[in-house]
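Notes for the structure review
This is what each chain is made of:
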Amino acid sequence: MRVLAVALAVVAVTGAAAAGPPPAGLFVPGTSLGGVRLGDSPGRVRALWGTAFGSCRSCAYTTWYFNYAPFTPQGAGVEFRGGRVAAVFTLYSPSSWHTSGRLRVGDLSTRVTTLYTRIRGTRCRSYTALTQRRGGVASTFYVYQGKVWGFGLSRAAVQVCR
């Protein structure tokens, strides 16, 4: 019986280790994205999202990419500075992600300014980052072709364009 319990625990841990970002992640502006908070340690991120991530080789700061399937762009990323989370963001419009204010990936971008105040736009490469800055934290709503494409949370000093 004890061997069975240990085997089940190993399976549970192994399954969690390769989990990746949540399939229906919650963005709480100013607070967290998929459960990850600014200032979290790499260990906390691994505990939440597992170890199935790739590391960016050309990024100025340590950045991990958690993709839902290998070699596909959809998922989420985490940037570390000084050994702590400085930014966390979605990648390539992951469906089922939403905010605590009921804004969903895929909604019209006009809903952002209806639900959230003091939004400022930044033109990035082929998309726009609509950002709300409060208390040193930037909550970003990524917009592409008039629709919400994803979300990001970062220290205010971190570039919102990804």
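That block above? That's the structure.
**Description of the overall build of the protein chain**
Secondary structure assignment for the protein chain yields three helices and twelve strands. Accessible surface, the protein chain as shown: approximately 8,900 Å² in total, 57% of it carbon and sulfur.

**Focus on the side chain of S109**
Relative to the elements of secondary structure, S109 occurs in the loop between β8 (98-99) and α3 (110-115). Excluding its chain neighbours within four sequence positions, the residues that come into contact with S109 are L130, V143, G146, K147 and V148.

**Some thoughts on the pairing of strand β5 (residues 63-67)**
Summarising the sheet, strand β4 (residues 54-55) and β5 pair through two bridges and their orientation is antiparallel. Looking across to β5, one finds that S55 is bridged to W64.

**Quick word on the packing of aromatic side chains**
Scanning the entire structure with this criterion turns up 13 aromatic pairs. With a centroid separation of 5.2 Å and 80° between ring planes, the pair formed by W49 and F66 is classed as edge-to-face. Placement of the pair is W49 in helix α2 (residues 42-49) and F66 in strand β5, with a sequence separation of 17 residues. Take W49 and F66: they sit in the same class, and that class is buried. A network of ring pairs unites the aromatic residues W49, F53, W64, F66 and F80 as a single cluster. The side chain of R81 reaches across the aromatic face of Y61, ending 3.7 Å from its centre.

**Some points on the pattern of salt bridges**
Scanning the model with the defined rule gives four salt bridges in all. Where R44 meets D40, a salt bridge forms, and the shortest distance between an N and an O atom there is 3.7 Å. Between R162 and E79 there is a salt bridge; the shortest N-O distance is 3.0 Å. Of the two residues, R162 sits in the segment after β12 (147-155) while E79 sits in strand β6 (residues 75-81), which places them 83 residues apart along the sequence. Judged by its relative accessible area of 26%, R162 falls in the partly exposed class.

**Comments concerning unusual backbone geometry**
With a phi angle near 50°, R118 is a residue other than glycine that sits in the positive phi range. Structurally, the position occupied by R118 is in the loop between α3 and β9 (119-123). Relative accessible area serves as the criterion here: at 60%, R118 is assigned to the exposed category. At Q145, a position not held by glycine, the phi torsion is positive, near 50°. Secondary-structure assignment places Q145 in the loop between β11 (137-144) and β12.

**Remarks on the nonpolar core**
Core analysis: the biggest nonpolar cluster contains 24 residues, and V45, W49, V78, V88, F141 and F151 have the highest contact counts within it. Each residue touching F141, except ones within four places of it in the same chain, is listed here: F27, P29, T99, L103, V112, Y116, I119, T128, A129, L130, G150 and F151. Listed in part, the eleven residues of the second largest apolar core include A87, A138, Y142 and V160.

Cut-offs applied
- Residues numbered from 1 in each chain as written.
- Predicted model: local features only at pLDDT ≥ 70, side-chain atom pairs only at ≥ 80, totals over all residues.
- Heavy atoms only, no water.
- Helix = DSSP H or I, 4+ residues; strand = E, 2+ residues; numbered from the N terminus.
- Areas by Shrake-Rupley, 256 points an atom, 1.4 Å probe, with all protein chains shown as cover.
- Contact = heavy atoms within 4.5 Å.
- Pairing = 2+ DSSP bridges.
- Phe/Tyr/Trp six-rings, centres within 6.5 Å; stacked < 30°, edge-to-face > 60°.
- Buried < 20%, exposed > 50% of the residue type's maximum accessible area, 1.4 Å probe, protein only.
- Lys NZ or Arg CZ within 6 Å of the ring centre and 35° of its normal.
- Salt bridge = Lys/Arg side-chain N within 4 Å of Asp/Glu carboxyl O.
- Core = buried A, V, L, I, M, F, W, Y, C linked by side-chain atoms within 4.5 Å.

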